[in-house]
Amino acid sequence: MEVLERSFYERDPKIVATNLLGKKLVRRLNDTSLEGIIVETEAYYGLEDPASRAYKGRKNYNFAMWGEVGRLFIYNVHNNWLLNIVAHEVGKIGAVLIRAIEPLQGIEVMRQNRGVNDIFNLANGPGKLTKALKIDKSHYGFPVTSKDSEIFIAEYRIKFEMDCSYRIGVSKDLEEQLRFFIKGSRFLSR
DNA sequence: AGGAAGATCTACT
DNA sequence: GTAGATCTTCCTA
C-alpha cells in the first residue's frame, strides 16, 4: 500500500483537503483492517478563521494544529470525536477535518461499532466515522504517514468530480467555500 | 459551576 | 428537508 508522505500535508489546508478526496483511510484494529474512501473534507485555518479550533490561540487541547503536519488532531464535540489531520504550510496553522468515508473493507466490524446496518449510514458524518473506526482522543498526535501506524492514509486511484460548499455546522464561517466532497457520492454527510 | 461546541438521532412537515 | 432534545469534554471564571 502506497502511504502518503509527510510533505503531502505541508501545504495550504485547502489544497490538502481537496487532494485527500478519493484517498483511502486505513484503520488497523487488532487483526482486521477497516478501510474507506474519503469522500468529504473541510479545511480549517488558524487565528484568522473564526470556525477554527485554533482561533482563540494555542491551548492544551489544540496545540497539535501548530505542530508537525501529517499527525492526528482529535477533539470532542457534542459527544462525538472528530478526526482531523494537521496540515499547513511551514510556520502556519491548520488542519483538515475528515467528514465522511465510503466503507470498503471491514464493513461488518463497522456495523458492530456503530450498531446500525445501513451501509450508507455507517460513516457518513465526522462523529459517525470515528465511532465506526473506533477512533478517539487516545489517538491524538498519531502520525498518519507510516504503514506501521494504527491509522494512515494511502493512495487510491479513482475518477471523480469534486464539488464544494460552505462548511457545515460552523457558527461563523469564512467567505470562502472550504468544504469539499465527491460529487454525487451516496456516502456524504448530507 | 457554567457554557459552548466543526454532531446525531428522532420525529415530524 | 427542517426542528428540537440530547449527548460529553474541556474550556473559562
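For the structure, see preceding data.
Draft legend 1. Representation of helix H1 (residues 13–20) in the model. Along H1, the positions that sit buried rather than exposed are Pro13, Val16, Ala17 and Leu20. Buried positions in H1, seen along its axis, are confined to an arc of 100 degrees and lie on one side of it. Where the residues of H1 are buried, they touch strand E2 (32–44), strand E4 (80–86), strand E5 (95–105), strand E6 (151–154) and strand E8 (179–182). Looking one or two residues past H1, Gly22 carries a phi angle of roughly 85 degrees, positive in sign.

Draft legend 2. Examining the protein's contact with DNA strand C more closely. For DNA strand C, the full set of nearby residues is Lys59, Asn60, Tyr61, Asn76, Asn79, Trp81 and Lys137. Expressed as a percentage, the sugar and phosphate content of the atoms of DNA strand C within 4 Å of the protein is 93%. Here Lys59 contributes a side-chain N or O atom positioned 2.6 Å from a phosphate oxygen of DNA strand C. One nitrogen or oxygen atom from the side chain of Lys137 is found 2.8 Å from a phosphate oxygen belonging to DNA strand C. Looking at the surface near DNA strand C residue by residue, the classes come out as two nonpolar, three polar and two charged.

Draft legend 3. Broad picture of the protein's contact with DNA strand B. What surrounds DNA strand B is a group of 19 residues, the closest being Arg53, Tyr75, Asn84, Leu97 and Gly127. Of everything in DNA strand B that lies within 4 Å of the protein, sugar and phosphate atoms constitute 52%. Side-chain polar atom of Asn80 to a sugar or linking oxygen of DNA strand B: 3.4 Å apart, as the coordinates give it. Contact distances for DNA strand B include 3.4 Å between a phosphate oxygen and a backbone N or O atom of Pro126. Going through the elements one at a time, E4, E5 and helix H3 (126–132) are the ones with two or more residues in the surface near DNA strand B. By residue class, the composition of the surface near DNA strand B is eight nonpolar, seven polar and four charged.

Draft legend 4. The environment of Asn113, seen in detail. Here Asn113 lies in helix H2 (residues 107–114). Under the relative-accessibility criterion, Asn113 is labelled buried at 18%. For the pair formed by Asn113 and Thr130, sequence separation is 17 residues and the distance between their alpha carbons is 9.6 Å. With near-sequence residues (within four places) excluded, Asn113 lies in contact with Leu29, Leu34, Lys131, Ala132 and Lys134.

Draft legend 5. Representation of a nonpolar patch on the surface in the model. Side chains of Ile158, Phe160 and Met162 sit close together on the surface and give an oily, nonpolar patch of about 240 Å² of accessible area. When you line up the elements, Phe160 lands in the loop between E6 and strand E7 (162–165).

Draft legend 6. A look at unusual backbone geometry. One non-glycine residue with positive phi stands out, namely His78, at about 50 degrees. Following the sequence through the fold, His78 ends up in the loop between strand E3 (72–77) and E4. The class for His78 is exposed, based on a relative accessible area of 73%.

The rules behind these values
- Residues numbered from 1 in each chain as written.
- Chains lettered and ligands numbered in written order.
- Predicted model: local features only at pLDDT ≥ 70, side-chain atom pairs only at ≥ 80, totals over all residues.
- Heavy atoms only, no water.
- Buried < 20%, exposed > 50% of the residue type's maximum accessible area, 1.4 Å probe, protein only.
- Helix = DSSP H or I, 4+ residues; strand = E, 2+ residues; numbered from the N terminus.
- Arc of directions from axis to C-beta.
- Contact = heavy atoms within 4.5 Å.
- Near = heavy atom within 4 Å.
- Polar contact = N/O pair within 3.5 Å; in protein donor to acceptor, adjacent residues only side chain to side chain.
- Nonpolar A, V, L, I, M, F, W, Y, C, P; charged D, E, K, R; others polar.
- Patch = residues over 30% accessible without salt bridge, like charges linked within 9 Å, V, L, I, M, F, W, Y side chains within 5 Å.
- Areas by Shrake-Rupley, 256 points an atom, 1.4 Å probe, with all protein chains shown as cover.
- Salt bridge = Lys/Arg side-chain N within 4 Å of Asp/Glu carboxyl O.

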